[in-house]
Amino acid sequence: MRVNLASIELANGAFSYSHAVTHSPHDNQHQMYLLSCYEIYYLISGSVVYQVENQTYTLSPGDLLIINNKEIHRPYFTSDTSYERILIFFTPEFCSHYNRDSSPILQYFERKKPGSFNLLPGKLVEQEQLARYFTEIEEHHRSGQPMSSLEIELTFIRLLIQLNRIIGSHLHTFAFEGDYDAKIELIIAYLNDNLHRPLTLQDIESNFFISRYHFSHLFKRITGYSFKQYMIHKRIAKAAELLKLSVPPSEVCRRTGFEDYSNFYKAFKKITGVSPANYS
């Protein structure tokens, strides 16, 4: 059972904040996520393993994750103890007017490789007092003051600025904090560079000299997804990116490696909830 402790939405959904507790969580309650928004995830309690691309993070209360809109991710639970977390979802546009040419406010969300620079460990989060921003956001929300929405927005921007400062000064410690396999990382980079092609396990076997059976097992163990699941979700992420640039759906289908428009349409609607023509 899920209980919402705080739920906030600003700018027609461009920013949303959720503080929730789930009693007796289980894996079937959570699916793979691939969102058009960026995400900040803060674990308060629970036994959670979080999968982001090819990285597996065994989380402790107080840990914080940053996830961009190109990273496939989902939580898994190692016990049924109560699971409390804070989630912030936001679009790049929500922050765009705070950008500066010399220091883009989302630089560490946008420029990082998928599956890297995700985890800020609880010790660092506590040291930098990041949880106070969540407390402030909820206090502004409860106040009901006329300017509370602006107060929430500004508190969130202060959080982003602080994250930039922390990550910028600790880059050497964030590279690979989860389970890591060098060959899988190379293959994932190859897959992301070739989404426009109809890739198969035979291609992986030929290009990386790895048995397709061994690869399938290793890929599933490290990423949590089958090769087919991963490719569909990454292609849909690329499709969403192209559609936002006003590329026609038929051209998007061609440029994202789908065999035909029917398969593209079904996959896109299943994952995003809307048809390609209605995505914005």
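Cut-offs applied
- Residues numbered from 1 in each chain as written.
- Predicted model: local features only at pLDDT ≥ 70, side-chain atom pairs only at ≥ 80, totals over all residues.
- Heavy atoms only, no water.
- 1 Å grid on protein atoms, 1.4 Å probe; cavity = no way out; pocket = protein on both sides within 12 Å on 5 of 7 lines; lining within 4 Å.
- Points joined across faces, edges and corners; volume = space filled by probe spheres on them.
- Helix = DSSP H or I, 4+ residues; strand = E, 2+ residues; numbered from the N terminus.
- Nonpolar A, V, L, I, M, F, W, Y, C, P; charged D, E, K, R; others polar.
- Contact = heavy atoms within 4.5 Å.
- Buried < 20%, exposed > 50% of the residue type's maximum accessible area, 1.4 Å probe, protein only.
- Arc of directions from axis to C-beta.
- Patch = residues over 30% accessible without salt bridge, like charges linked within 9 Å, V, L, I, M, F, W, Y side chains within 5 Å.
- Areas by Shrake-Rupley, 256 points an atom, 1.4 Å probe, with all protein chains shown as cover.
- Salt bridge = Lys/Arg side-chain N within 4 Å of Asp/Glu carboxyl O.
- Phe/Tyr/Trp six-rings, centres within 6.5 Å; stacked < 30°, edge-to-face > 60°.
- Lys NZ or Arg CZ within 6 Å of the ring centre and 35° of its normal.
- Core = buried A, V, L, I, M, F, W, Y, C linked by side-chain atoms within 4.5 Å.
- pLDDT = per-residue confidence, 0-100.
- Pairing = 2+ DSSP bridges.
- Axes fitted to C-alpha atoms, helices over the stretch in contact; angles between N-to-C directions.

## Focus on empty space enclosed by the protein
Point 1. Overall, the coordinates contain one cavity of 30 Å³ or more when judged by the stated rule.
Point 2. As a volume, the largest cavity reaches approximately 40 Å³.
Point 3. Along its surface, the largest cavity is lined by I105, L106, Q107, Y108, F109, L160, L163, N164 and I167.
Point 4. Elements represented by at least two residues in the lining of the largest cavity include exactly helix 2 (107-110) and helix 5 (148-169).
Point 5. In terms of residue class, the lining of the largest cavity is built from seven nonpolar, two polar and no charged.

## Description of the environment of L242
Point 1. Along the chain, L242 turns up in helix 10 (residues 227-244).
Point 2. Apart from the residues within four sequence positions on either side, L242 is in contact with V247, V252, R255 and T256.

## Considerations on helix 8 (residues 201-208)
Point 1. Residues D203, I204 and F208 constitute the buried set of helix 8. Along the axis of helix 8, the buried positions cluster into a sector of 100 degrees, meaning they face one direction only.
Point 2. Phi for F209, located one or two positions after helix 8, is positive at around 55 degrees.

## Description of a nonpolar patch on the surface
Point 1. There is a patch of nonpolar side chains on the surface, built from M1, V3 and L5 and spanning about 290 Å² of accessible area.
Point 2. For L5, the location among the structural elements is in strand 1 (residues 2-10).

## Things to note about the packing of aromatic side chains
Point 1. A complete count under the given rule lists 17 aromatic pairs for this structure.
Point 2. Measuring from ring centre to ring centre gives 5.3 Å for F258 and F264, while their planes differ by 55 degrees; the resulting arrangement is tilted. Here the two residues F258 and F264 agree in accessibility, since each one is buried.
Point 3. Where Y261 meets Y265, the ring centres are 6.4 Å apart and the plane angle is 40 degrees; that geometry is what we call tilted. One end of the pair is Y261 and the other is Y265, both in helix 12 (residues 261-272) and four residues apart, which spans about a single turn.
Point 4. Accessibility expressed as a relative area gives 34% for Y261, which makes it partly exposed.
Point 5. Site record: aromatic cluster; members linked through ring pairs are F258, Y261, F264, Y265, F268 and Y279.
Point 6. Of note, R74 hangs over the ring of Y76, and the distance from its end group to the ring centre comes to 4.3 Å.

## Re the pattern of salt bridges
Point 1. In total, this model carries six salt bridges according to the counting rule given.
Point 2. Of the charged contacts in the structure, one is a salt bridge between R142 and E138, with a shortest N-O distance of 3.8 Å. Here R142 pairs with E138, and both are found in helix 4 (residues 131-143), just four residues apart, close to one helical turn.
Point 3. Between E251 and R254 there is a salt bridge, with the nearest N and O atoms lying 2.5 Å from each other. Of this pair, E251 and R254 both sit in helix 11 (residues 249-255), separated by three residues, roughly a single helical turn.
Point 4. The partly exposed category is assigned to E251, whose relative accessible area is 24%.

## Remarks on the nonpolar core
Point 1. Counting residues in each nonpolar core, the largest one holds 35 residues, and the members touching the most others are I40, L64, I88, F90, F156 and L160.
Point 2. Top contributing element to this core by residue count: helix 5, with eight residues.
Point 3. Ignoring anything within four residues of it in the chain, the contact list for L64 reads I40, Y41, Y42, N118, L119, L120, V125, L130, F134 and L163.
Point 4. Counting 19 residues, the second-largest nonpolar core is a separate cluster that includes I72, Y190, L218 and F227.

## Examining the confidence of the model for the chain
Point 1. Residues at a pLDDT of 70 or more form 89% of the chain, whose mean pLDDT is 84.
Point 2. Put simply, helix 6 (residues 171-174) is where the chain has its lowest mean pLDDT, 57, and helix 4 is where it has its highest, 96.
Point 3. Here residues 175-179 scores under 50 on pLDDT; set against residues more than four positions off or in separate chains, the count is 14 contacts.

## Quick word on the sheet that holds strand 5 (residues 55-58)
What holds strands together in a sheet is hydrogen bonding between their backbones, with the strands either parallel or antiparallel.
Point 1. Strand order across the open sheet formed by three strands is 5-4-7, with antiparallel pairing between neighbours. Looking along the sheet, the strands with just one partner apiece sit at the ends: strand 5 and strand 7 (73-77). Sheet twist, expressed as the mean angle between neighbouring strand axes with direction ignored, is 20 degrees.
Point 2. Where strand 4 (residues 48-52) lies against strand 5, four bridges are found, and the strand directions are antiparallel. Within the sheet, the bridge partner assigned to V49 lies in strand 5 and is T58.

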